[in-house]
Amino acid sequence: MRIVSGIQPTGSLHLGNYLGAIRNWVRMQDDMDADSDCLFFLADLHAISMPHDPQTLHTGTLEMVAALTACGIDPDRSILFNQAQVSAHCELQWLLNGTARMGWLNRMTQFKDKAGKHREGASAALFTYPVLQAADVLLYQATHVPVGEDQKQHLELARDIATKFNFDFASEDKPVFTLPEPITPPEAARIMSLRDGTKKMSKSDPSDMSRINLSDDRDTIAKKVKKAKTDPEPLPSDLAGLEDRPEALNLVTIYGALADCSAEDVLAQYGGQGFGSFKPALAEVMVESLGPIVERFVELKEDRESLDAILARGALKAREIARPTLDKAYSALGLVRGH
Ligand code: TYM
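What counts, and at which threshold
- Residues numbered from 1 in each chain as written.
- Predicted model: local features only at pLDDT ≥ 70, side-chain atom pairs only at ≥ 80, totals over all residues.
- UniProt positions renumbered as here; feature names shortened; annotations may be inferred.
- Helix = DSSP H or I, 4+ residues; strand = E, 2+ residues; numbered from the N terminus.
- Expected span 1.5 Å × (residues − 1).
- Buried ≥ 20, exposed ≤ 12 C-beta atoms within 10 Å, placed from the backbone.
- Near = placed C-beta within 6 Å.
- Nonpolar A, V, L, I, M, F, W, Y, C, P; charged D, E, K, R; others polar.
- Contact = placed C-beta atoms within 7 Å.
- Pairing = 2+ DSSP bridges.
- Right-handed = clockwise from strand over helix to strand, strands pointing away.
- Axes fitted to C-alpha atoms, helices over the stretch in contact; angles between N-to-C directions.
- Left-handed = near helix turned anticlockwise from the far one by under 90°.
- pLDDT = per-residue confidence, 0-100.

The protein chain appears in an unreviewed UniProt entry as Tryptophan--tRNA ligase from Altericroceibacterium endophyticum. Taken verbatim from the UniProt record of the protein chain, the Function (unreviewed entry) comment is "Catalyzes the attachment of tryptophan to tRNA(Trp)."

Pasting the structure below:
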């Protein structure tokens, strides 16, 4: 089993990233047996597909190493690195660009969302972004990719690219790429904005009140939960009563994910109560779960040398694992590279 996943180092880590993906990474790392390995990386190359400030990206990349370590990713057990230090990601992307079809990329909803109405002005990188994402996982023969719901479409594309490449350039008994499986936590696949229950919680939302950052202190968390959009009805006693109440459903989902119980269990406890009593309880669960992470993060992020060293060590290991697959892909395509 090989587990591979990535996160863009733009903005701070938020509750959606944590519950939708990172907590799963940590659990998979902790449950790993001797025949498995985990590779987790910062998708810094993906981050340049949108307008960005170089200094902020640089600092954000190192801080994301601190944040992931604070969440429980252990660089001694997992391979933690950034894409920019492993040139094989860019190389394989180019090779896969020959296989990916324009029609497939045209269907990607993330491109449509991020490019908005001004498609002509969007970067070419934003359009070919999913091909880099395919390279990220195929390069390592990933078998499992823990991601939130929003990344599933990109993973399906990676499988399509791998299937076509294997079909076009490899024999059936010796495929170049393994088909990766997405792994999504059912209880927290999609954490929504605190200001609008129909939009996902996101680093790019201009309102900081829409998300809980893993660097928020106790007071900020309490304030954001208190101001979270809700409706005037009390909580129902079963899930059916949350239909058409996206904000209420989101808060119940978050509570359940943090307290490690189902949404039904949360409603069994709080059904009939108003948000006046539910919100403080939710804020308390958040502070309890996130408090220790924030403390570790604040400490780790100051030690730039250690963060650099973690990335350098991770890159060395990642390059080693990537090399044979990259060589196979070049060779399958008939490219001459000497010996
Ligand atoms: P990114 O940086 O947007 O998010 C990192 C992870 O967090 C999950 N996530 C969420 N889950 C639940 N609710 C939310 N509101 C929420 N917001 C984010 C994402 O699904 C993701 O798992 N393209 C990717 C990074 C990437 C990648 C890869 C992932 C690049 N290459 C290869 C897996 C494999 C991205 O931008 O994730």
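Now that the structure has been shown, the text picks up again.
Caption draft 1: View of helix 3 (residues 54-71). Counted at 1.5 Å a residue, the expected span for helix 3 with its 18 residues is 26 Å, and the 25 Å between its end C-alpha atoms agrees. Inspection of helix 3 places Gly60, Thr61, Leu62, Glu63, Met64, Val65, Ala66, Ala67, Leu68, Thr69 and Ala70 among the buried residues, and these make up the whole buried set. Looking one or two residues past helix 3, Gly72 carries a phi angle of roughly 125°, positive in sign.

Caption draft 2: Just the site of the ligand, in detail. Close to the ligand lie 23 residues; Gly6, Gly16, Gly20, Ala21 and Gly148 are nearest. Of all the secondary structure elements, the ones that give two or more residues to the shell around the ligand are strand 1 (2-7), helix 1 (15-31) and helix 7 (124-138). Sort the elements by how many residues they give to the shell around the ligand and helix 1 lands first, with 4 residues. For the shell around the ligand, a count of residues per class yields 8 nonpolar, 11 polar and 4 charged.

Caption draft 3: The arrangement of the UniProt feature "binding site: L-tryptophan" (unreviewed entry) in the protein chain in detail. Sites flagged by UniProt as "binding site: L-tryptophan" (unreviewed entry) map to Asp136. Looking at the secondary structure, you find Asp136 in helix 7. With residues up to four places along the chain from it excluded, the contact list for Asp136 reads Val4, Gly6 and His89.

Caption draft 4: View of the pairing of strand 2 (residues 37-42). For strand 2, a buried count of 5 out of 6 residues is recorded, marking the element as mostly surrounded by other parts of the structure. Examined bridge by bridge, strand 1 and strand 2 share 6 bridges and lie parallel to one another. Note on strand 2: the bridge partner recorded for Arg2 is Asp37. Assessed by its sense of winding, the connection that carries the chain from strand 1 through helix 1 to strand 2 is right-handed. Note that strand 2 and strand 3 (residues 79-82) share 4 bridges and pair parallel. Bridge pairing in strand 3 places Leu39 opposite Ile79.

Caption draft 5: Main features of the packing of helix 4 (residues 88-97) against helix 7. Two elements in contact, helix 4 and helix 7, have axes whose closest approach is 8 Å; the angle formed by their N-to-C orientations is 120°. By crossing handedness, the relation of helix 4 to helix 7 is classed as right-handed. Across from His89, Leu92, Gln93, Leu96 and Asn97 in helix 4, the residues of helix 7 making contact are Thr128, Val131, Leu132, Ala134, Ala135, Asp136 and Leu138. Along the lines of polarity and charge, the residues of the contact of helix 4 with helix 7 split into 7 nonpolar, 4 polar and 1 charged.

Caption draft 6: Just the environment of Phe278, in detail. Mapping Phe278 onto the fold places it in helix 12 (residues 275-300). The class for Phe278 is buried, based on 21 C-beta atoms found within 10 Å. Expressed as a C-alpha distance, the spacing of Phe278 and Leu251, which sit 27 residues apart in the sequence, is 9.2 Å.

Caption draft 7: Broad picture of the confidence of the model for the protein chain. Looking at the protein chain, pLDDT values average 95 and 100% of them are 70 or higher. Interface scoring of the predicted complex returns ipTM 0.99; its pTM is 0.94.

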